[in-house]
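Residues per chain are reported as follows:
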Amino acid sequence: MRGSPQVFNDYSYGVDKNLGTYSFDSNFARDLLNVRYHPSGKLVKRNGFTSIASPTLSVHSLGTYERGTDKYLVAVAESSGSTDIYSITSAGTITSRKGAATVTAGRTWEIIQAPVNGSEGPVYMLNGSDTPLQWTGIGDVATWSASSGSIPNGKYMIYHDNALFIAGVET
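Residues numbered from 1 in each chain as written. Predicted model: local features only at pLDDT ≥ 70, side-chain atom pairs only at ≥ 80, totals over all residues. Heavy atoms only, no water.

**Describing the packing of aromatic side chains**
Within this structure, the stated rule accounts for four aromatic pairs. Taking the centre distance of 5.5 Å and the plane angle of 70° together, the rings of Tyr72 and Trp135 count as edge-to-face. With Tyr72 in strand S6 (residues 70-79) and Trp135 in strand S11 (residues 133-135), the pair connects residues that are 63 residues apart, well separated along the chain. We classify Tyr72 as buried; its relative accessible area is 17%. (Phe/Tyr/Trp six-rings, centres within 6.5 Å; stacked < 30°, edge-to-face > 60°. Helix = DSSP H or I, 4+ residues; strand = E, 2+ residues; numbered from the N terminus. Buried < 20%, exposed > 50% of the residue type's maximum accessible area, 1.4 Å probe, protein only.)

**Brief notes about the pairing of strand S13 (residues 156-160)**
Each regular strand displays side chains that alternate between the two surfaces of the sheet. As paired strands, S13 and strand S14 (residues 163-167) are joined by five bridges and run antiparallel to one another. Of the residues in S14, the one forming a bridge with Tyr156 is Ala167. What sits between S13 and S14 in their antiparallel hairpin is a turn of two residues, with Asp161 showing a positive phi close to 50°. (Pairing = 2+ DSSP bridges.)

**Brief notes about the nonpolar core**
In terms of nonpolar packing, the biggest core is built from 14 residues, with Val74, Ile85 and Met125 touching the most fellow members. Those elements giving two or more residues to this core turn out to be S6, strand S10 (123-126) and S11. Sorting elements by how many residues they give to this core places S6 first, with three residues. Beyond its immediate stretch of four places on either side in the chain, Met125 contacts Val74, Val76, Ile85, Trp109, Glu110, Ile111, Pro132, Leu133, Val141, Trp144 and Met157. (Core = buried A, V, L, I, M, F, W, Y, C linked by side-chain atoms within 4.5 Å. Contact = heavy atoms within 4.5 Å.)

**Re the environment of Gly92**
For Gly92, the location among the structural elements is in the loop between strand S7 (82-89) and strand S8 (94-96). Residue class for Gly92 comes out buried when judged on its relative accessible area of 17%. On a C-alpha basis, the gap between Gly92 and Tyr72 in space is 9.4 Å, while along the polypeptide they are 20 residues apart. Those residues in contact with Gly92, other than ones at most four positions away along the chain, are Ile52 and Ala53.

**Describing the sheet that holds S8**
Within a sheet, adjacent strands bond to each other through the backbone by hydrogen bonds, running parallel or antiparallel. Judged by pairing direction, the sheet is antiparallel, and its four strands sit side by side in the order S5-S6-S7-S8 without closing on themselves. The open sheet terminates on both sides in strands that have one partner only, identified here as strand S5 (58-67) and S8. Adjacent strand axes in the sheet meet at a mean angle of 25° when their direction is disregarded. For S6 and S7, the ladder comprises eight bridges, and the chain directions are antiparallel. If you follow Glu78 over to S7, its bridge partner there is Thr83. (Axes fitted to C-alpha atoms, helices over the stretch in contact; angles between N-to-C directions.)

In structure tokens form, the structure reads like this:
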């Protein structure tokens, strides 16, 4: 009946935007914007987004750093050939962390957090071209050096089960 509320028991059939407004089964969802699944299985409103900072250069690579109460976004940014590496606090404070590091314009950086290794990390960065970098959470980024051998300079990396995997290494 038109104007009656529609009861949805589940969304097991997914989303179908092509169905008419009143001609779909209760297992279909017509629209699932601004919602997310709660661990209990119900749909809840998704939190909105807020701009907390506006770096002077355009951010194109983004990672996170969290240790205790320290929480940062780590960003590689560029504009018109100028490049920088920033740390951005949850309060919106932007600090340049590039120092003497070389950052080639037009390269996407992979940025991850993994355990500290000696005096390096916990943030590790590479892009397959420039010298791999690491950041301790204090001061500027620095060259990431291996305890033995060399760091394979790939385009992708992930930390899992106490191991750091690097892929996309050009030979």
